[in-house]
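Each chain, letter by letter, is given below.
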Amino acid sequence: DAKTTQPNSMESNEEEPVHLPCNHSTISGTDYIHWYRQLPSQGPEYVIHGLTSNVNNRMASLAIAEDRKSSTLILHRATLRDAAVYYCILITQGGSEKLVFGKGTKLTVNP
Amino acid sequence: DSGVTQTPKHLITATGQRVTLRCSPRSGDLSVYWYQQSLDQGLQFLIQYYNGEERAKGNILERFSAQQFPDLHSELNLSSLELGDSALYFCASSRSPWLAEPPGEQFFGPGTRLTVL
């Protein structure tokens, strides 16, 4: 499975935008980029996914670099409820199609 | 609430024992996944079932087994339990077995916390 690299932790203030980076320099053409987050004492929660183009949904935006070697999850206005561990995961189309979770980025949101 | 239910919430047992964890997927989801989350190993994929058939295997020990029943609920059986099996066990479900295709997401249950003493 292709690997991803994320910072161990990041901090943000409430109501400010947060940009969570992910490097995936060995990504292949058939790899989808998925983001999940895990709030304290809960199961992981799907956030967003994409292949090549930027994606938006009600939770976040996903900005994918032109060469696809990196991506950024954008939370437009962080709330205290966004404090969680965020995981960037690559899934290969037609491959084993399982979620391989790394260590993720622990996001702290300050009031 | 993801729509995925897991029972029991907590389980305390002794080494050498056997336990069964139960998962009911979201309505309409045919694919069920099991994950183990421990402090030192993080979230690890164990096994996937799709419509009753095993579809993918991860780091599942031979002492562990799972099955998916005709009503699509799934059970994870853990036997000859060791102290190191203490962990959170999550079940997830998805509509399609192919995560790379839309809609693409898995929905996770609240987990079962297993403590082996």
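Residues numbered from 1 in each chain as written. Chains lettered and ligands numbered in written order. Predicted model: local features only at pLDDT ≥ 70, side-chain atom pairs only at ≥ 80, totals over all residues. Heavy atoms only, no water.

Comments concerning the state of the cysteines
Residues and elements named next belong to chain A.
Item 1. According to the stated counting rule, one finds two disulfides over all chains in the structure shown.
Item 2. Note on cysteine connectivity: C22 is disulfide-linked to C88, with sulfurs 2.1 Å apart. On the sign convention where negative is left-handed, the bridge of C22 and C88, at about -80° about the S-S bond, is left-handed. Here C88 lies in strand β8 (residues 84-92) and C22 lies in strand β2 (residues 18-23), a separation of 66 residues in the sequence. (Disulfide = S-S within 2.5 Å. Helix = DSSP H or I, 4+ residues; strand = E, 2+ residues; numbered from the N terminus.)

Some points on the pattern of salt bridges
When their charged atoms lie close together, side chains carrying opposite charge are able to pair.
Residue and element names in this part refer to chain B.
Item 1. Across all of its chains, the model carries seven salt bridges over all chains by this definition.
Item 2. The partner of R26 in a salt bridge is D29, and the shortest N-O contact between them spans 2.9 Å. Neither R26 nor D29 differs from the other in exposure class; each is buried.
Item 3. Taking the shortest distance from any N to any O, the salt bridge between D85 and R63 comes out at 2.8 Å. Linking D85 in the loop between β8 (74-78) and β9 (87-94) with R63 in the loop between β6 (53-57) and β7 (64-68), this pair joins segments that are 22 residues apart in sequence.
Item 4. With a relative accessible area of 3%, D85 lands in the buried category. (Salt bridge = Lys/Arg side-chain N within 4 Å of Asp/Glu carboxyl O. Buried < 20%, exposed > 50% of the residue type's maximum accessible area, 1.4 Å probe, protein only.)

Focus on the sheet that holds strand β1 (residues 5-7) of chain B
Sheet strands pair via backbone hydrogen bonds, and the direction of the pair is either parallel or antiparallel.
Residues and elements named next belong to chain B.
Item 1. Reading across from one edge, β1-β3-β8-β7 is the order of the four strands in this open sheet, with antiparallel pairing throughout. Of all the strands in the sheet, the pair left with one neighbour each is β1 and β7. Neighbouring strand axes in the sheet, compared pairwise and without regard to direction, differ in orientation by 15° on average.
Item 2. The pairing of β1 with strand β3 (residues 19-24) spans three bridges and is classified as antiparallel. For T5, the partnering residue across the bridge sits in β3 and is S24. (Pairing = 2+ DSSP bridges. Axes fitted to C-alpha atoms, helices over the stretch in contact; angles between N-to-C directions.)

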